[in-house]
Amino acid sequence: MTEFLQLDLAPMLAATLACLVCGLVGNLLLLTRQSLLGDAISHSVLPGIVMGFWVSGSRAAAPLVAGAMLAAVAAALLIALVRRLTRLEPGAAMGVVFSGFFALGIVLIEVSGAHAVDLDVDCVLYGQLEALIWPAARGPGALLDAAALAEFPAEVTTLAVVLALTLLLLVLLWKELRLAAFDPDFAHAIGFAPRRLSLLVLVLVSVACVAAFWAVGSILVIAALVAPAAIARLLTNGYAAQFRLSAVAAVAMGAGGYWLAALAPGALGLGHGLNAAGMIAVLAGVLLAFAWLFGPFGRRGAARRATVAGHPAAAT
Amino acid sequence: MPVAPLPVPALTVQHLSVAYDKAPVLWDVSWTTPQAGLVAIVGPNGAGKSTLLKAVLGLVPRLSGEVRVFGLPFAEARARVGYLPQRASVDWDFPATALQVVAQGRYPRVGWFRPLPRAERERARAALAEVGMAEFAGRQIGQLSGGQQQRVFLARALALEADLYLMDEPFAGVDAATERAIVGVLQRLAGEGRTVIAVHHDLATAPQYFDHVLLLNVRAIAAGPMATTFTPENLARTYGGRLSLLERAVAAAQAGKRPAAPVP
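It should be emphasised that the depicted structure is a prediction, and the values quoted were computed from it without experimental measurement. (Residues numbered from 1 in each chain as written. Chains lettered and ligands numbered in written order. Predicted model: local features only at pLDDT ≥ 70, side-chain atom pairs only at ≥ 80, totals over all residues. Heavy atoms only, no water.)

1. Quick word on the overall build of chain A
The number of helices and strands found in chain A is 14 helices and 0 strands. Walking chain A from its N terminus toward its C terminus, one meets helices and strands in the order α-α-α-α-α-α-α-α-α-α-α-α-α-α. Since a compact globule built from 316 residues should have a radius of gyration of about 20 Å, the 21 Å found for chain A is in line with a globular shape. The principal-axis extent of the C-alpha atoms belonging to chain A is close to 65 × 45 × 35 Å. Looking at chain A as a whole, 49% of its 316 residues are labelled buried. Restricting the contact set of chain A to residue pairs at least 6 apart, pairs at least 24 apart contribute 71%. Just so you have it, chain A exposes about 13,800 Å², and 71% of that area is on carbon and sulfur atoms. Chain A carries 16 positive and 15 negative side-chain charges, and their two centres are separated by 20 Å. (Helix = DSSP H or I, 4+ residues; strand = E, 2+ residues; numbered from the N terminus. Rg over C-alpha atoms; globule rule 2.2 N^0.38 Å. Buried < 20%, exposed > 50% of the residue type's maximum accessible area, 1.4 Å probe, protein only. Contact = heavy atoms within 4.5 Å. Areas by Shrake-Rupley, 256 points an atom, 1.4 Å probe, with all protein chains shown as cover. Lys, Arg positive; Asp, Glu negative; His and termini not counted. Charge placed at Lys NZ, Arg CZ, Asp CG, Glu CD.)

See below:
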């Protein structure tokens, strides 16, 4: 028990919270058919994070988030600019910009000397869950002990705050975000500023990317952004249920993936743990496959939709 | 709620020009609607009919020109304007029910950051009932037929309780029952002194359903009461050299319920 508290509680919480933040925000991308934008942003924030780290010299959340958001907005603007200037299809413009930003981030890590401290390419790719330990936990009593709790890894607390803020915004702007996602033209016509709302979604996605960055790494953030929403979409046709189920899926893949990677190998007698971020993404894929096979809007749903589409009244 | 006749026209457009990628879509369009009634915008594909509505609403940038709604800039008259977008402009696979979509028409009354009060939801339900869709309130919108989806959009526009409606092809691809429902709603709105401006494709039904017409082909060709404006000569000028279409148009105009007036 003490070993679990010291070594596994913080990373497990971090993985779960990161998946929750990304998974909830990911719904807004999936429902507007912009999941690729999540991919673009999650990669584009890297140079911003490195710059924030370089300038501030610390892993404090504020400068990293500020840098990441600058990079995300810059990438989004650059994607729009490339599209306008070159008339490339959106996917091509996105692919060029986000891989360029990501590569710039990798180069910046090497140039800035950040890798000498604790920001290296491995961390960027796979996250640093295993580094989150809570040595002050001497037993179950630590959970109620203020002094021990004060030493709880700050990354987890930051993630909890980000999750709370995300939930607050989702609740406050519940009907506004749904309207802007479904029909931005109508939203504009009746004065519900869809452009400002989509900018807010962009900010939410970049914050979620930074928050999840330490937990699962920059590449696998995309799994956390897309998989919970995609799983939920195969299970429901309701808007609120979409968010509820994506939260369940996010917890399942975060906590479940960490457990499979860190604890299950020991229980099975394997000598070493597995990479948690990798296991989380693998589990997400497995859950998605199950949702597709057995969900009401997965395989059978697709077959039903096909017949509806063939129906003359629906085809008009 | 009947609306008293207004001293100002519902919509005035002056010297409006819009271009996409330097190609003009609307060129120097000046047009004033009547004070109330049903107005059709008619013209060939690519004539800028939808773009005119979108330019009024600020959905596409204007190159030049001025738009006045009830004598005011659009932003100040927004609460009195309702919009019905083209059905194909949204993703009907979106997880929402018919009632949730119609309730969006009550959002301006509710304002930002507040959930929809029960009373507003009931207003939305009443709008859905007016278009004959009461029993589909809880249905996911993707499971409705095309005509039913169009009626959901119409109910959402009705829920706005606007004085000026801009409708983008309300009759496009709908079944007979939906067409009757839309006509009934339009007549109710006109009877209350409201104005409806609708992009309309079907030349055969235009003189039946609408009192006034704007013939548009990048430029405003002619505008006025249907009887004196919807003439073979004006249609020929609107549709250019497309003869087969023109012949159909002439036949339609003459077979229409109201007799085509002789050209002065």
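2. Brief notes about the packing of helix H1 (residues 2-31) of chain A against helix H7 (residues 154-172) of chain A
All names here are of chain A. In contact at an axis separation of 9 Å, H1 and H7 are set at 25° when each is read in the N-to-C sense. The pairing of H1 with H7 is recorded here as roughly parallel in orientation. At the point where H1 passes H7, the crossing takes the left-handed sense. The residues of H7 that touch H1, namely those facing Ala-10, Leu-13, Ala-14, Leu-17, Ala-18, Leu-20, Val-21, Leu-24, Val-25 and Leu-28, are Val-156, Leu-159, Ala-160, Val-162, Leu-163, Thr-166, Leu-167 and Leu-170. Its residues assigned to classes, the contact of H1 with H7 comprises 17 nonpolar, 1 polar and no charged. (Axes fitted to C-alpha atoms, helices over the stretch in contact; angles between N-to-C directions. Parallel < 35°, antiparallel > 145°, perpendicular 65-115°, else oblique. Left-handed = near helix turned anticlockwise from the far one by under 90°. Nonpolar A, V, L, I, M, F, W, Y, C, P; charged D, E, K, R; others polar.)

3. Here's the deal with the pattern of salt bridges
All names here are of chain B. The full count for this structure, using the stated rule, is 13 salt bridges over all chains. Of the charged contacts, one joins Asp-163 and Arg-80 as a salt bridge, the two residues approaching to 2.8 Å between their closest N and O atoms. Here the residue Asp-163 occupies a position in the loop between helix H6 (146-159) and strand S6 (164-168), and Arg-80 occupies one in the loop between helix H2 (74-77) and strand S5 (81-84), the gap between them amounting to 83 residues. Between Arg-123 and Glu-161 there is a salt bridge; the shortest N-O distance is 2.7 Å. On the criterion of sequence distance, the pair formed by Arg-123 in helix H5 (residues 118-130) and Glu-161 in the loop between H6 and S6 is long-range, its members being 38 residues apart. The class for Arg-123 is partly exposed, based on a relative accessible area of 42%. Sharing partners across several salt bridges, the network here consists of Arg-80, Glu-130, Asp-163, Arg-188, Glu-192 and Arg-194. (Salt bridge = Lys/Arg side-chain N within 4 Å of Asp/Glu carboxyl O.)

4. Describing the environment of Arg233(A)
Examined against the element boundaries, Arg233(A) turns out to sit in helix H10 (residues 194-235). C-alpha of Arg233(A) to C-alpha of Ala281(A): the two residues are 48 residues apart in sequence and 18 Å apart in space. If we skip the residues at most four places from it in the chain, Arg233(A) touches Leu30(A), Leu31(A), Gln242(A), Phe297(A), Asp93(B), Phe94(B) and Pro95(B). In terms of polar contacts, Arg233(A) uses its side chain to reach the backbone carbonyl oxygen of Asp93(B), at 2.5 Å. (Polar contact = N/O pair within 3.5 Å; in protein donor to acceptor, adjacent residues only side chain to side chain.)

5. So, the packing of aromatic side chains
Throughout the structure, instances matching the rule amount to 13 aromatic pairs over all chains. On the basis of an interplanar angle of 85° and a centroid distance of 4.7 Å, the ring pair of Trp134(A) and Phe152(A) is categorised as edge-to-face. Placement of Trp134(A) in the loop between helix H5 (121-126) and helix H6 (146-150) and of Phe152(A) in the loop between H6 and H7 is noted, with a sequence separation of 18 residues between them. By relative accessible area, Trp134(A) is classed as buried at 0%. Here Phe152(A) falls in the buried class, since its relative accessible area comes to 15%. What links up through ring pairs into an aromatic cluster is the set Trp174(A), Phe182(A), Tyr239(A), Phe243(A), Trp92(B), Phe94(B) and Phe153(B). Against the face of Phe70(B) rests Arg80(B), its NZ or CZ located 3.8 Å from the ring centre. (Phe/Tyr/Trp six-rings, centres within 6.5 Å; stacked < 30°, edge-to-face > 60°. Lys NZ or Arg CZ within 6 Å of the ring centre and 35° of its normal.)

6. A short note on the packing of H5(B) against H6(B)
Residues and elements named next belong to chain B. Where H5 meets H6, the axes come as close as 8 Å, and the angle between the chain directions of the two elements is 130°. With respect to each other, H5 and H6 are oriented oblique. H6 is crossed by H5, and the crossing has right-handed handedness. Every residue of H6 that contacts H5 at Ala-127, Leu-128 and Glu-130 is listed here: Val-152, Ala-155, Leu-158 and Ala-159. For the contact of H5 with H6, the class distribution of residues is 6 nonpolar, no polar and 1 charged.

7. A closer look at the sheet that holds strand S1 (residues 11-20) of chain B
All names here are of chain B. Taken in spatial order, the 3 strands make up an open sheet running S2-S1-S4, and their pairing is antiparallel. Looking at strand neighbours, the two that pair on one side only are strand S2 (23-32) and strand S4 (64-69), the edges of this open sheet. Adjacent strand axes in the sheet meet at a mean angle of 20° when their direction is disregarded. Looking at chain direction, S1 and S2 are connected through 6 bridges and run antiparallel. Bridging from a neighbouring strand, Leu-16 pairs with Val-29 of S2. Here helix H1 (residues 49-57) sits on the sheet and contacts S1, S2 and S4; the angle it forms with S1, its principal contact strand, is near 110°. (Pairing = 2+ DSSP bridges.)

8. A look at the environment of Pro73(B)
Residues and elements named next belong to chain B. Tracing the backbone shows Pro-73 in the loop between S4 and H2. Residue classification places Pro-73 among the partly exposed residues on the basis of a relative accessible area of 29%. The residues contacting Pro-73, other than those within four sequence positions of it, are Val-67 and Arg-68.

9. Details of the nonpolar core
Counting 150 residues, the largest nonpolar core has Leu129(A), Val42(B), Leu128(B), Met167(B), Phe210(B) and Phe230(B) as its most contacted members. The element that contributes the greatest number of residues to this core is H10(A), accounting for 19 residues. With residues up to four places along the chain from it excluded, the contact list for Leu128(B) reads Ala98(B), Leu99(B), Val102(B), Met133(B), Ala134(B), Ala137(B), Val152(B) and Ala155(B). Judged by nonpolar contacts, the second largest core, of 31 residues, contains Leu11(B), Leu57(B), Phe74(B) and Leu166(B). (Core = buried A, V, L, I, M, F, W, Y, C linked by side-chain atoms within 4.5 Å.)

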